[in-house]
Structures are given as C-alpha cells and as structure tokens.
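Spelled out from the first residue to the last, the chains are:
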Amino acid sequence: MQPSMFNVRAPIDGSADVFLMNTFSDAQIIVSPDVVDLIDRIAAEGAPRTEEERSTLDLLTEHGFLVDSREHERQTLEQYFRDVREDSETLKVTVLTTLQCKFACGYCIQGDHGDYNKHAAKMSLENAARVAEWTERRLDALNPSRLILTFFGGEPLLNLPVMYLLAERLHAACEARGVTLAISIITNGLLLTRDVVERLNPLGLSGIKITLDGDRDTHNRMRPLRGGQGTFDRIVANVRQVASLTKIAIGGNFDVDTVDSYPALLDFLSEQDFADKLSRVTFKPVIRETQISGKGIIPLTAVGSEGKPLNGACMTSAGTGVSSACDSCNVVDEKMAFLREETKRHGFKTVDGVHMGPCEIHKSHAHTIGPDGALYACPGFAGEPRQSIGHIDGRDDAFRTQALRNFERLSAWKACQDCAFIPVCAGGCTVAAHNELGDMHAPNCHKSSFEAGVLTLARDAAREYAAMA
Ligand code: SF4
Ligand code: SF4
C-alpha cells in the first residue's frame with residue numbers, strides 16, 4: 001500500500017489539523033495530525049498497527065489517498081487521459097463567426113486597429129450551413145448526449161445572421177436526435193441586446209461571457225473603441241438589459257498596472273441591481289508577447305511578435321484563459337489568489353484555482369472552427385492557419401494531417417513525473433507552451449498557482465467544517 005502521488009496537503013489556520021486533497025479522486029478531507037503520520041508511515045510499514053488504524057486506512061483507500069502501487073496508479077492515470085480524449089458524452093463546437101472586432105484594446109494589435117477589419121475573415125452564410133451539416137454528421141457519428149455550441153470571434157455579435165442560422169439549424173438537429181443543446185457566447189458585450197438573448201433563449205442559450213477589464217476608468221483605457229471612446233457604461237447597460245434573461249459571467253484581463261483596479265470593479269458590480277444574476281466572475285492575466293513580459297505577467301499568445309498581427313481569434317481565447325473561450329487555465333499566482341479571495345468576499349462565484357483541466361485540447365470531440373471552415377484543436381490556435389488540423393469539407397492537406405498527428409500526441413504531463421497536479425493540470429496550457437517555450441509538447445508550469453488554490457480550498461473547507469460544528 002502506498003500514498004497516492006496525487007495527494008496534496010495544506011495547513012488549517014489556527015489548528016493542528018491538515019487539509020488533504022487527492023487531485024485524481026477529488027476527495028477532500030480535514031484530518032488530525034495522526035492520520036497524516038499514518039499515511040506517511042504506511043509506505044514503510046505496509047500494515048496497520050491497530051484495528052482503528054485499519055479502518056482509517058480503509059477509508060483513505062476508498063477515497064483514493066492510498067493506492068496499491070504507484071505503477072498501477074500511473075496506468076490508471078494513462079487510462080484516464082485516454083478516456084478524456086475519447087469521451088463521447090459531449091460534442092463541443094466553438095465557432096469563430098468573424099475575426100472582426102470594433103475594439104482597439106491596447107494589449108491587442110488586431111481588433112479595430114488600422115485597417116485590420118478590412119481584411120479580417122467573416123463566416124459566410126454558405127459556410128455556416130456547411131458548419132451545421134458538418135456538426136450534424138458529427139452528432140450522428142458520435143451520438144453524444146450533449147452539444148455545447150460556443151460563438152466566439154473576433155466579436156461574434158458582428159455576424160448575427162451566421163449565429164442565428166447555426167443556432168436554429170443545430171437546435172433542430174439536436175431536437176431530432178434527443179441531444180441537449182447548450183449555446184454560449186463570448187462577447188465584448190457592446191452589441192448585446194435583449195433581442196439577441198430572446199431570439200437565442202428558446203434555441204438553448206445557456207449563458208454569455210462578457211469581458212470587463214477593471215473598473216470604469218481602467219476598462220475604458222484598456223478596451224476603447226477605435227476613436228478612443230470608452231465602452232464600460234454601454235456594456236454595463238447592456239448587461240442590465242439581459243441579466244434577468246440568461247446567465248451572465250464576467251471575465252477580465254489584467255496586468256500589473258491594472259490588477260489593483262479589480263476590487264473597485266467588484267465593489268461596482270456588487271452594488272448593481274443585477275449583481276445576484278451574475279453566474280461567475282473570473283480574471284486572467286493579459287496575454288502579451290514574450291519580449292514585453294515582466295514581473296507579474298505571464299506572457300501567453302504572442303499577439304504582436306515581430307510586428308505580425310495575430311490574424312486570428314480574439315486574444316482572450318488563449319492561454320491562461322479564464323475569461324475566454326478557454327476556461328481551463330491557471331495564472332499569475334499570487335495575484336490570482338488575491339483576486340479569487342476578493343471576488344468571493346464580494347459574494348460572487350469564481351474559479352477555485354485547482355479544478356482546471358484537462359482542457360479541451362486533450363479531447364478528440366472538442367472542435368474550433370474558423371470563419372473559412374478550418375478546424376483547430378482549441379481556440380488558442382485559431383490564429384495560426386498552419387496549425388489547422390482539418391477542414392469541414394474534408395479536404396486532404398498534408399500540413400493539416402501533420403498538425404493533427406502532432407496534436408494527437410500531446411501529453412506534456414508525461415514530463416511532469418510525479419507532480420500531484422497532473423489530473424487537474426495535464427501539463428499546462430499548450431498554446432502558452434507553444435508561444436512562450438516554442439514547444440507545444442513541453443509542460444507550461446504554474447504549480448504555485450495550484451498550490452495557492454489548495455490553500456484556498458483548505459480555508460473554505462475549514463470554514464464549512466467550523467460552521468457545521
Ligand atoms: S491549450 Fe487548453 S488551456 Fe490553452 S488555450 Fe487551448 S484549451 Fe485553453
Ligand atoms: S505543468 Fe507543472 S503543475 Fe502542471 S502537471 Fe506539470 S509539473 Fe504539475
């Protein structure tokens with residue numbers, strides 16, 4: 001008998017007790033120090049000394065804290081990743097309706113800067129119909145119980161006809177097949193109206209994610225329109241219009257200069273009449289090109305490397321992606337813990353910093369589709385045509401076949417040896433590894449972020465325990 005390699009521990013403030021979590025089984029318990037000693041001792045001694053110890057060990061085994069052998073546990077982990085890859089319960093399709101965007105975010109060199117929008121791709125209605133047909137074929141081949149359809153961009157609301165066509169076609173397709181459809185939109189919020197929500201609600205709209213990059217002044221500085229006009233007031237007014245009609249999640253990007261404006265944003269949000277309607281508030285660091293990274297910034301997708309435009313998905317799609325198409329990542333460690341605590345203190349739900357992955361890049365049945373019908377392994381790669389892994393028309397391009405093979409063998413976690421966070425991290429964000437390290441197969445590690453998340457879970461568990469006592 002061995003302690004599981006996925007056990008993590010955190011002290012409980014003001015107590016000798018210890019918070020124990022197993023990241024594989026997701027069991028979480030608070031135990032006395034003698035139980036911790038028993039776990040440490042059992043590897044050496046192999047057998048319990050007393051009946052009481054035996055029943056404690058049975059309980060710990062039942063919850064995954066003790067395993068027969070590390071070798072067997074490793075095999076179980078490998079099977080888990082195979083199961084994640086092949087899981088057919090959910091088909092996930094993210095559609096980039098357009099790469100156009102009216103914003104001129106300072107941290108992004110696409111959007112409405114210069115003549116970007118003149119050249120940015122936009123999905124045609126013909127292509128949207130092909131995407132619907134392709135998705136219907138996937139539904140028939142896979143027979144999932146759920147389809148998650150996400151609209152993203154650029155700014156997806158700049159192409160409403162395509163959004164409506166896809167929502168209507170796939171709603172009908174799901175109804176005919178007994179599949180549950182969940183539609184979500186990731187938008188800057190500027191063009192969000194009651195009409196949009198009322199039209200999509202009967203088709204299966206499950207929620208909308210909107211970006212606010214700090215308090216009013218900070219957001220207006222970070223996410224202005226091309227003419228420099230602020231966007232905060234209009235977005236908030238739009239949220240107010242629709243908050244009672246659908247779930248609204250707020251996400252934001254921060255850097256070292258803006259992070260301190262978040263408590264003011266949280267104050268503002270908690271005072272709004274729609275505060276109790278917000279389903280979640282989350283934040284992540286601004287994605288910047290590597291050259292300008294500094295303390296407190298984790299550089300992720302290179303939005304401006306060598307002066308080249310990203311030419312693809314909104315930068316909020318990638319990397320440590322908690323306000324984006326991607327909800328899977330970890331972030332700037334100590335600031336994220338601070339924001340998490342502040343967000344909860346203001347009464348909003350947020351991510352816990354531990355339950356992250358494996359993200360959709362590890363899943364065969366999660367697809368991102370660009371405006372031209374090109375398929376990508378995740379939204380973070382949609383800006384790189386050479387990383388396309390296929391096309392909805394089934395065309396046979398050698399570079400796509402090669403890219404697909406490359407993505408299929410992703411397993412950066414195998415280099416993470418016996419890290420306890422592998423089941424919830426899987427080696428980190430592949431997009432970030434690709435951009436920062438130049439190797440998508442290398443782990444992109446922010447372990448201290450997970451460790452901070454465990455401390456938060458320990459605090460929460462101790463509070464609940466105290467309330468029950
Ligand atoms: S690799 Fe994973 S975590 Fe990174 S952007 Fe893609 S889906 Fe998100
Ligand atoms: S990337 Fe870091 S935290 Fe993630 S599994 Fe690997 S070693 Fe652990």
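Computed from a predicted model, the values in this text were never measured in an experiment. (Residues numbered from 1 in each chain as written. Chains lettered and ligands numbered in written order. Predicted model: local features only at pLDDT ≥ 70, side-chain atom pairs only at ≥ 80, totals over all residues. Heavy atoms only, no water.)

Description of the sheet that holds strand E3 (residues 18-22)
Now for step 1: Taken together, the 3 strands give an open sheet; going across it, the order is E2-E3-E4, and neighbouring strands pair in antiparallel fashion. Only two strands of the sheet have a single partner each, and these edge strands are strand E2 (7-11) and strand E4 (28-31). Neighbouring strand axes in the sheet, compared pairwise and without regard to direction, differ in orientation by 25° on average.
Now for step 2: For E2 and E3, the ladder comprises 5 bridges, and the chain directions are antiparallel. Counterpart to arginine 9 in the pairing with E3 is leucine 20.
Now for step 3: Contacting E2, E3 and E4, helix H1 (residues 33-45) crosses the sheet at an angle of about 150° to E2. (Pairing = 2+ DSSP bridges. Helix = DSSP H or I, 4+ residues; strand = E, 2+ residues; numbered from the N terminus. Axes fitted to C-alpha atoms, helices over the stretch in contact; angles between N-to-C directions. Contact = heavy atoms within 4.5 Å.)

Observations regarding the nonpolar core
Now for step 1: Of all hydrophobic cores here, the largest spans 75 residues; its most connected members are Leu147, Leu166, Leu200 and Leu278.
Now for step 2: Take this core: its biggest share by element is 8 residues, from helix H6 (residues 160-177).
Now for step 3: Residues contacting leucine 200, with those up to four places away along its chain left out, are Met163, Tyr164, Ala167, Ile185 and Leu205.
Now for step 4: Listed in part, the 25 residues of the second largest apolar core include Phe6, Val454, Leu457 and Ala458. (Core = buried A, V, L, I, M, F, W, Y, C linked by side-chain atoms within 4.5 Å. Buried < 20%, exposed > 50% of the residue type's maximum accessible area, 1.4 Å probe, protein only.)

Remarks on the layout of surface pockets
Now for step 1: Its volume calculated, the second largest pocket comes out at about 330 Å³.
Now for step 2: Contributions of two or more residues to the lining of the second largest pocket are made by helix H5 (125-142), strand E12 (366-369), strand E13 (374-376) and helix H12 (398-408).
Now for step 3: Looking at the lining of the second largest pocket element by element, the count peaks at 3 residues for H12.
Now for step 4: A per-class count over the lining of the second largest pocket returns 9 nonpolar, 4 polar and 5 charged. (1 Å grid on protein atoms, 1.4 Å probe; cavity = no way out; pocket = protein on both sides within 12 Å on 5 of 7 lines; lining within 4 Å. Points joined across faces, edges and corners; volume = space filled by probe spheres on them. Nonpolar A, V, L, I, M, F, W, Y, C, P; charged D, E, K, R; others polar.)

Some words on the site of ligand 2
Now for step 1: Around ligand 2 sit Cys416, Cys419, Ile422, Cys425, Gly427, Pro443, Asn444, Cys445 and Lys447, and that is every residue in its neighbourhood.
Now for step 2: Partitioning the shell around ligand 2 into residue classes produces 6 nonpolar, 2 polar and 1 charged. (Near = heavy atom within 4 Å.)

Overview of H6
Owing to its 3.6 residues per turn, the α-helix aligns residues three or four sequence positions apart on the same side.
Now for step 1: Taking 1.5 Å per residue as the helical rise, H6 with its 18 residues ought to reach 26 Å, and the 25 Å between its terminal C-alpha atoms agrees with that figure.
Now for step 2: Burial in H6 covers these residues: Val162, Met163, Tyr164, Leu166, Ala167, Leu170, Ala173 and Cys174.
Now for step 3: Among the structural elements, strand E6 (90-96), H5, strand E7 (146-152), strand E8 (180-187) and helix H7 (194-200) are those in contact with the buried residues of H6. (Expected span 1.5 Å × (residues − 1).)

Structural notes on the environment of valine 31
Now for step 1: Topologically, valine 31 is positioned in strand E4.
Now for step 2: C-alpha of valine 31 to C-alpha of leucine 20: the two residues are 11 residues apart in sequence and 7.2 Å apart in space.
Now for step 3: With residues up to four places along the chain from it excluded, the contact list for valine 31 reads Asp17, Val18, Leu20 and Val36.

Comments concerning the packing of H5 against H6
Each pair of packed helices can be summarised by the angle the axes make with each other and by the distance between the axes.
Now for step 1: Where H5 contacts H6, the two axes come as close as 9 Å, and the packing angle between them is 25°. Regarding the angle of H5 to H6, the classification is roughly parallel. Every pair of crossing elements has a handedness; the one defined by H5 and H6 is right-handed. Counting all contacts with H5, which are made through Leu125, Ala128, Ala129, Val131, Ala132, Glu133, Thr135, Glu136, Leu139 and Asp140, the residues of H6 involved are Pro161, Val162, Leu165, Leu166, Arg169, Leu170, Ala173, Cys174 and Arg177.
Now for step 2: Its residues assigned to classes, the contact of H5 with H6 shows 13 nonpolar, 1 polar and 5 charged. (Parallel < 35°, antiparallel > 145°, perpendicular 65-115°, else oblique. Left-handed = near helix turned anticlockwise from the far one by under 90°.)

Description of the side chain of serine 261
Now for step 1: Mapped onto the elements of the fold, serine 261 is located in the loop between strand E10 (248-254) and helix H10 (262-271).
Now for step 2: Serine 261 sits in the buried class, given a relative accessible area of 10%.
Now for step 3: Discounting chain neighbours no more than four positions away, the residues touching serine 261 are Gly214, Asp215 and Thr218.

Things to note about the pairing of E8
Now for step 1: The element E8 is extensively covered by neighbouring structure, given that 7 of its 8 residues are classed as buried.
Now for step 2: Sheet topology places E7 next to E8; 6 bridges connect them, and they run parallel. What sits directly across from arginine 146, in E8, is threonine 180.
Now for step 3: For the crossover that starts at E7, traverses H6 and ends in the parallel E8, the hand is right-handed. (Right-handed = clockwise from strand over helix to strand, strands pointing away.)

What about H10?
Now for step 1: When we look at burial in H10, the residues that qualify are Tyr262, Pro263, Leu265, Leu266 and Leu269. All buried residues of H10 fall inside an arc of 155° around its axis, so they share one side. (Arc of directions from axis to C-beta.)

Description of the pattern of salt bridges
Side-chain pairing between opposite charges can occur once the charged atoms of the two side chains come close.
Now for step 1: Scanning all chains against the criterion turns up 20 salt bridges.
Now for step 2: With a closest N to O distance of 2.7 Å, arginine 395 and aspartate 393 form a salt bridge.
Now for step 3: Among the salt bridges present, the one from aspartate 460 reaches arginine 463, with a minimum N-O distance of 2.7 Å. One end of the pair, aspartate 460, and the other, arginine 463, are both in helix H15 (residues 447-468), 3 residues apart, so they sit about a helical turn from each other.
Now for step 4: Salt bridges linked by common partners bring Arg41, Glu45, Arg49 and Glu53 together as one network. (Salt bridge = Lys/Arg side-chain N within 4 Å of Asp/Glu carboxyl O.)

Regarding the packing of aromatic side chains
Now for step 1: Taken as a whole and assessed by the stated rule, the structure comprises 7 aromatic pairs.
Now for step 2: Taken together, Phe6, Phe24, Tyr80, Phe81 and Trp413 form an aromatic cluster joined through their ring pairs.
Now for step 3: In this structure, arginine 199 packs its charged tip against the face of tyrosine 164, placed 3.9 Å from the ring centre.
Now for step 4: Sitting above the plane of the phenylalanine 399 ring, arginine 386 keeps its charged end 4.3 Å from the centroid. (Phe/Tyr/Trp six-rings, centres within 6.5 Å; stacked < 30°, edge-to-face > 60°. Lys NZ or Arg CZ within 6 Å of the ring centre and 35° of its normal.)

Focus on a negative patch on the surface
Now for step 1: Together, Asp83, Glu86, Asp87, Glu89 and Glu408 make up a region of like negative charge exposed at the surface.
Now for step 2: Note that glutamate 86 resides in helix H3 (residues 70-86).
Now for step 3: You can call glutamate 86 partly exposed: its relative accessible area is 46%. (Patch = residues over 30% accessible without salt bridge, like charges linked within 9 Å, V, L, I, M, F, W, Y side chains within 5 Å. Areas by Shrake-Rupley, 256 points an atom, 1.4 Å probe, with all protein chains shown as cover. Lys, Arg positive; Asp, Glu negative; His and termini not counted. Charge placed at Lys NZ, Arg CZ, Asp CG, Glu CD.)

Concerning unusual backbone geometry
Now for step 1: At the junction of glycine 153 and glycine 154, the peptide bond is cis and its omega measures out at 25° in the coordinates.
Now for step 2: Notably, aspartate 26 is not glycine yet its phi reads approximately 65°, a positive angle.
Now for step 3: Here aspartate 26 shows up in the loop between E3 and E4.
Now for step 4: Relative accessible area serves as the criterion here: at 36%, aspartate 26 is assigned to the partly exposed category.
Now for step 5: Here the phi dihedral of asparagine 143 falls at roughly 55°; this positive angle occurs in a residue that is not glycine.
Now for step 6: In this fold, asparagine 143 is placed in the loop between H5 and E7.

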